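# Breakdown of the fold
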Amino acid sequence: MNETANTAPATAAIPGYVAGTWKADPAHSEIAFSVRLLMISKTRGRFTTHDVTLVTDEDPLRSSVTATIDLASIDTGNEKRDNHLQATDYLDVDTYPTMSYRSTGIRQTADGWAVDGELTLHGVTRQVPLTLKANAFSSDQRDGQRASLSATAEINRRDFGIDAGGVALSNKVSISLEIQAVLHK
């Protein structure tokens, strides 16, 4: 299907869509990753501290996202491994305490949405597109308006200067985001 052939308004594909500035609710959001280890298993983890801001425009294609993730908040369920991943061999959180993402554009695709953007990790900035699904925009009696979004991406850790792990650790790192955001007026 040709991406430019879609003539329906972009907001028609997002029921309940609301323009505004949104902040991710940390209690209901997750930034997670997985990486294959020894070609037989996957190590999964998440970052528990992050600041994500979404700005939805009347025209979704003019919307934007920024995120800052505290790398010291890595949680793989194994404290020893978490400490090793925070060390200079991997994330080097003393030198690079955060990673950040800034969108540079949003486009509608045959399967939904894509967010083009720049990921800065380990002092290196690279283009990393996100595949995005707008799950829902709805009212919440307690917090007002909420938005639920899912996104995925894949990066090559070596593109960001993270070379430790040798052949035992895959270069490909899968990233998944489950964001529930609250509208700020």
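Quick look at the structure, then. (Residues numbered from 1 in each chain as written. Predicted model: local features only at pLDDT ≥ 70, side-chain atom pairs only at ≥ 80, totals over all residues. Heavy atoms only, no water.)

## Quick word on the side chain of Gln86
Let me state the cut-off plainly: Strands are runs of DSSP state E lasting at least 2 residues, helices are runs of H or I lasting at least 4, and numbering of each runs from the N terminus. In what follows, a contact means two residues having at least one pair of non-hydrogen atoms within 4.5 Å.
Along the chain, the position of Gln86 falls in helix H1 (residues 79-86). Setting aside anything within four residues of it in sequence, one finds Gln86 in contact with Leu71, Ala72, Ile74, Leu91, Asp92 and Val93.

## A closer look at the pairing of strand S5 (residues 64-70)
When a strand is regular, its side chains alternate between the sheet's two faces. Formally: Buried residues are those whose accessible area, probed at 1.4 Å on protein chains only, stays under 20% of the maximum for their type, while exposed residues exceed 50% and partly exposed ones sit between those limits. For two strands to be treated as a pair, DSSP must find no fewer than two bridges joining them.
The two faces of S5 differ: Val65, Ala67 and Ile69 on one face are buried, but Ser64, Thr66, Thr68 and Asp70 on the other face are not. The pairing of S5 with strand S7 (residues 98-109) spans five bridges and is antiparallel. When the bridges of S7 are listed, Asp70 appears paired with Thr98.

## Focus: the environment of Val93
Structurally, the position occupied by Val93 is in the loop between H1 and S7. Val93 sits 23 residues away from Asp70 along the chain, and the two C-alpha atoms are 8.7 Å apart. Once residues within four sequence positions are removed from consideration, Val93 is found in contact with Leu71, Ala72 and Gln86.

## Observations concerning the pairing of strand S2 (residues 30-37)
As defined by bridge partners, S2 adjoins strand S12 (residues 169-184) across seven bridges and the pair is classed as antiparallel. Counted as the bridge partner of Leu37 is Leu169 from S12. In terms of strand pairing, S2 meets strand S3 (residues 41-47) through seven bridges, oriented antiparallel. Bridging across to S3, Ser34 finds its partner in Arg44. Joining the antiparallel neighbours S2 and S3 is a turn of three residues, in which Leu38 adopts a positive phi near 55°.

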